[in-house]
Every structure is written in C-alpha cells, then in structure tokens.
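Chains, contacts and geometry: an overview
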Amino acid sequence: MHLLKRVLVSGGAGFLGSHLCEKFLQDGYDVLCVDNFYTGSKRNIAHLINEPYFEICRHDITFPLYIEADEIYNLACPASPIHYQNDPVQTTKVNVHGSINMLGLAKRLNAKILQASTSEVYGDPSVHPQPESYRGNVNCIGPRSCYDEGKRCAETLFFDYHRQHKTKIKIARIFNTYGPRMHPNDGRVISNFIMQALRGKPISVYGDGSQTRSFCYVSDLVNALVRLMNTPDDVTGPINLGNPQEFTILELATKVIELINSKSEIVFKPLPADDPKQRKPDITLARQVLGWEPKVSLEKGLIKTITFFEELLSDLGSGKTLI
Ligand code: NAD
Ligand code: UDP
Ligand code: UDP
C-alpha cells in the first residue's frame, strides 16, 4: 500500500521529463521515472537519485509494463528530428505501441494519463497561429512523418481509449520548449546556436532565417502540464501549450550572439525538407481553461540555458562523462 500520490513519468530522464520529476518530488509525490535512456541521460536525474521517493525503472515502453501509479505523464519519445529520424520505425513504435501500453496501464489502474503531443501534428500549417481546431497539413511519407503521424496516431488512441473505456485522458500539444538539460547534440536551433556561440564556431542559420518559431521556457511548460493534469475529468484537450511570442530564426541567432558576447559569425545553410515556415501557438484555450500563460521572457530563459551549456562544456573539458 502506498500513501503518497504516485506519479509515473515515462521519458522521465529526458529534458522535459527530468524537470517534471524534479517538480513532483518538490511537491511531495512519489515519483517513478520510466526510461530506456534512448535520448535521456542519467546526468539529467543524477541530482534526484538519492531522494527517498524517487525511483528509476529502465524500461522500453513499447513493451508492456505492469506497475502501480495514480497519474501517468507519457513523454517517452525522441523529440528532435536528428534523434527521431535516427530510427524512424522505433519512433512510430514508441508512439503507437508505447501509447497503447501506457493507455492499457492507465485503463487497468483507472489512472489519469497525460500525453505529450506536439505542434508537429499541425505539420506545415496553412493557418496561422494554429488553434486546436485546425486539422493540420502533414506529409504522411516524408522524413518527419514517423514523428508527426506517430503523434497524431497517439492522439487518436488516447481519444479511442477515452470513448471506448472511459480512460481519463489529457492531451497537451507542446510547442518548441527550451531550457537547461536540452540535449547538446539534438540539432535543435537553441542548443545548436548556444553551443556554436560558446565555442566561437559559425552560427548555422538554415534557409534565409526568416522562418519563425515561438519558444517556451521549460518551467512555464511544466506548470502548464501540471495544471492540465489537475483539470476536471471532462477536460481532455487537446490544448496548445507554448509561448506565443514569435521570433525569426535570424533574430534568435543575433540574440544568442549578443548574450554570449560571442565572436561567431552567421552562416546560411540549406533549409531541411518539410521545415515549417511559421509556427506560433494560439493559447486562447490554455488561458481560459488553465488560467495559464508563459511568464519567462526569451532573454531570461536564454540566459539560464546558456549557463547550463557553459557548465556542460566545462564538465566535458574536465573529462567528466555526460552519460
Ligand atoms: P527527450 O528526448 O529529452 O526526452 C524523451 C525521453 O524519452 C528520453 O529520456 C528518452 O530516453 C525516453 N524514451 C525514448 N523512447 C523511449 C522508450 N521506448 N521507452 C522509454 N523511454 C523512452 O525529449 P523532450 O524534449 O524532453 O520531449 C519529451 C516529450 O515531449 C516527447 O514526447 C516529445 O515528443 C514531447 N515534445 C517536446 C517538445 C520540446 O520542445 N521539447 C515539443 C513538443 C513535444
Ligand atoms: N498493458 C500494460 N500494463 C498494464 C495493462 C496493460 O503494459 O498494466 C498493456 C498490455 O500489454 C496491452 C496494452 O497495454 O497490450 C493494452 O491494454 P488493453 O487492456 O487496452 O488491451 P488488451 O490487453 O485487451 O489488448
Ligand atoms: N534551425 C537553424 N539552424 C540550426 C537548427 C535549426 O536555422 O542549427 C532552424 C530550423 O530549420 C527551423 C528552426 O530553426 O526552421 C527550428 O528548428 P528546430 O529543429 O529547433 O525545431 P522545429 O523545426 O521542430 O520547430
């Protein structure tokens, strides 16, 4: 018998998952981190392992898992194009088989389950900004499809479990989020630019840099996920979570160079296939339903993220392993 509320975080050793685990421990929960360390790392959770209510389970969620929990946050899935395209079949599997297993677990336990979905379900949108009602413009046979279609299918599964089995579901459509513990080699724009600027290497802007993104700091996103989980059972989402402030990639490059006071120059490289031209969340629903909006400015968030990458580089320099 356990007395504390037990929260299961699949993908708990990843970037977002590790921040969630940390928050739940601070809030006095029993935390079960389930991860196969595909893109996550022990370093992300090293500061938590001596906490008495923290438990790590090395497990691949594409296989069944029989365990007890009151709430499930399903985050397990490589998130950056470099990582999810490395083994695209596994990416579809984690979204489809993995979601079925986590939903089967939630169904057996009558536990609430939250899905970390993504703005990628909108594909390269023809509507801007994207409300939840927009059905998307996704290429089903491109290099991003394993992720985009995998996440779309996961949403379908969540809603079918909800309709068929009355499973209590919550779906968050997460837009670009950044912060400490991002993977240094994930090829994402913020980690790339900061690492390049800290090393004095050229800043790689893809295309002409006029494409836009909106960046949400991790603490804002974590607060939103917890708020969503705590909504009444009839609130299922999907609900957009992100920061609506929009920047061009060129503006971001300039800001990173300025904050680091770096000597790096900007170089232009080819735009990857299916790279969305604009992306910005419409968070009207999140404001209404969760009473939430992001608080951390890009500048403040970047400063904290830069400090993290500086420490990482200094650990690398001193020969410490990053595993
Ligand atoms: P991440 O790669 O740091 O975390 C994913 C975690 O899942 C890693 O720890 C990885 O080892 C684990 N994992 C992968 N496959 C697994 C499997 N089969 N079994 C168990 N664990 C597995 O990525 P992140 O940025 O923290 O993303 C977390 C979730 O949020 C993902 O589902 C991602 O799609 C979603 N998301 C993230 C963003 C973002 O901007 N970071 C945006 C939209 C959606
Ligand atoms: N499952 C799991 N843990 C559980 C319950 C189920 O991993 O505690 C898995 C199980 O392997 C199954 C999947 O979840 O393949 C879906 O379960 P569900 O009960 O919905 O379907 P069924 O077992 O009837 O196929
Ligand atoms: N990008 C870039 N240089 C980089 C990495 C990314 O110009 O070194 C661009 C990329 O082409 C895209 C944007 O930055 O237009 C955001 O890319 P990211 O992979 O971070 O996220 P996503 O495309 O999933 O929003």
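An account of the accompanying structure is given in this report. Sequence order as written defines the numbering, with residues in each chain counted from 1. Chain letters start at A and ligand numbers start at 1, both assigned in the order the entries are written. At least 70 in pLDDT is required for a residue's local features to be given in this predicted model, at least 80 for side-chain atom pairs to be given and counted, and no such filter applies to totals for whole chains, interfaces and linings, which use all residues. Only hydrogens and water are set aside when side-chain values are computed; all heavy atoms of the structure are taken into account.

A few words on the packing of aromatic side chains. Ring pairs shown here join Phe, Tyr and Trp side chains whose ring centres sit within 6.5 Å, with only the six-membered ring taken for Trp; geometry is labelled stacked below 30 degrees between planes, edge-to-face above 60, and tilted in between. Evaluated as defined, the whole model comprises eight aromatic pairs. A connected cluster of aromatic rings, assembled from ring pairs, spans F24, Y29 and Y73. Residue placement shows K42 over the ring face of F37; its charged tip is 5.6 Å from the ring centre. Put simply, a charge is over a ring when the Lys NZ or the Arg CZ is close to the ring centre, within 6 Å, and near the line of the ring normal, within 35 degrees.

Each strand in a sheet pairs with its neighbour through backbone hydrogen bonds, running either in the same direction (parallel) or in the opposite one (antiparallel). The pairing criterion for strands is at least two bridges between them, as found by DSSP. Working definition: helices are DSSP H or I runs of at least four residues, strands are E runs of at least two. Numbering for both runs from the N terminus. Pairing within the open sheet is parallel, and its seven strands lie in the order β3-β2-β1-β4-β5-β6-β11. Each edge of the sheet is formed by a strand with only one pairing partner; in this case those strands are β3 (54-58) and β11 (239-241). Across the sheet, the axes of successive neighbouring strands diverge by a mean angle of 20°, strand direction being ignored. Direction of pairing for strand β6 (residues 169-174) relative to β11: parallel, over a ladder of three bridges. Opposite A172, over in β11, you have I239 as the bridge partner. In the packing of helix α4 (residues 88-109) onto the sheet, contacts are made with β1 (6-10), β4 (71-74), β5 (112-118) and β6, and the angle to β4 comes to roughly 170°. Should any heavy atoms of two residues lie within 4.5 Å, those residues are considered in contact. Angles here are taken between N-to-C directions and fall from 0 to 180 degrees, while the axes themselves are lines fitted to C-alpha atoms, restricted in helices to the stretch in contact. Against the sheet, helix α5 (residues 145-165) makes contact with β4, β5 and β6, and its axis sits at roughly 155° relative to β5, the strand it touches most.

Okay, the site of ligand 3 next. Lining the immediate surroundings of ligand 3 are 17 residues, of which N192, S204, R213, D275 and R279 lie closest. Polar contacts here mean pairs of N or O atoms no more than 3.5 Å apart (in protein, one a potential hydrogen donor and the other a potential acceptor; neighbouring residues in sequence count only if both atoms are side-chain atoms). Backbone polar atom of V189 to an oxygen atom of ligand 3: 2.8 Å apart, as the coordinates give it. Working definition of accessibility: Shrake-Rupley area with a 1.4 Å probe, residue cover restricted to the visible protein chains. Contact with the protein chains covers 96% of the free accessible surface of ligand 3, which is 520 Å². Split by residue class, the shell around ligand 3 holds six nonpolar, five polar and six charged. By convention in this text, a residue qualifies as near a molecule or strand provided that one of its non-hydrogen atoms is within 4 Å of it. Three classes are used, and their members are as follows: Ala, Val, Leu, Ile, Met, Phe, Trp, Tyr, Cys and Pro are nonpolar, Asp, Glu, Lys and Arg are charged, and the others, Gly among them, are polar.

What follows covers the packing of helix α6 (residues 189-199) against helix α8 (residues 249-260). To characterise two packed helices, one gives the angle between the axes of the helices and the distance between these axes. At a minimum axis distance of 10 Å, the contact between α6 and α8 shows a crossing angle of 40°. In this structure, α6 crosses over α8, and the sense of that crossing is right-handed. Packed against α6, whose contacting residues are V189, I190, F193, I194, A197 and L198, the element α8 presents I249, L252, A253, V256 and I260 at the interface. In this scheme the handedness of a crossing depends on how the near helix is turned from the far one: anticlockwise by less than a right angle means left-handed, clockwise means right-handed.

Here the focus is the pattern of salt bridges. By convention in these notes, a salt bridge is any Lys or Arg side-chain nitrogen within 4 Å of a carboxyl oxygen on Asp or Glu. One pass over the structure, following the stated rule, counts 16 salt bridges. Salt-bridge contacts for E71 lead to K5; the nearest nitrogen and oxygen are separated by 3.1 Å. Of this pair, E71 sits in strand β4 while K5 is found in the segment before β1, placing the two residues 66 residues apart along the sequence. In this structure, R144 engages D275 in a salt bridge whose closest nitrogen and oxygen atoms are separated by 3.9 Å. Remark: D275 occurs in the loop between β13 (266-269) and α9 (284-290) and R144 occurs in the loop between β5 and α5; sequence separation between them is 131 residues. The exposure class of D275 is buried, given its relative accessible area of 16%. Several salt bridges share partner residues, and in doing so they unite E120, R144, R213, D275 and R279 into one network. Partly exposed describes any residue whose relative accessible area lies between the buried limit of under 20% and the exposed limit of over 50%, with all areas from a 1.4 Å probe on protein chains only and scaled to the type maximum.

Relative orientation of the contacting elements α4 and α5 amounts to 15°, with a least axis distance of 9 Å. With respect to α5, the element α4 is oriented roughly parallel. Relative to α5, the crossing made by α4 is right-handed. Between α4 and α5, the contacting residues are P88, T91, T92, N95, V96, S99, I100, L103, G104 and K107 on the first element and C146, Y147, G150, K151, C153, A154, L157, F158, Y161 and H165 on the second. Here the residues of the contact of α4 with α5 sort into eleven nonpolar, seven polar and two charged. We call two directions roughly parallel when the angle between them is under 35 degrees, roughly antiparallel when it is over 145, roughly perpendicular when it lies between 65 and 115, and oblique otherwise.

The local shell around ligand 2 consists of P64, L65, Y66, I100, N101, G104, L105, K107, R108 and Y161. K107 is positioned with one of its side-chain polar atoms (N or O) 2.9 Å from an oxygen atom of ligand 2. Protein contacts shield 65% of the accessible area of ligand 2, which totals 510 Å² for the unbound molecule. Take the shell around ligand 2: its biggest share by element is six residues, from α4.

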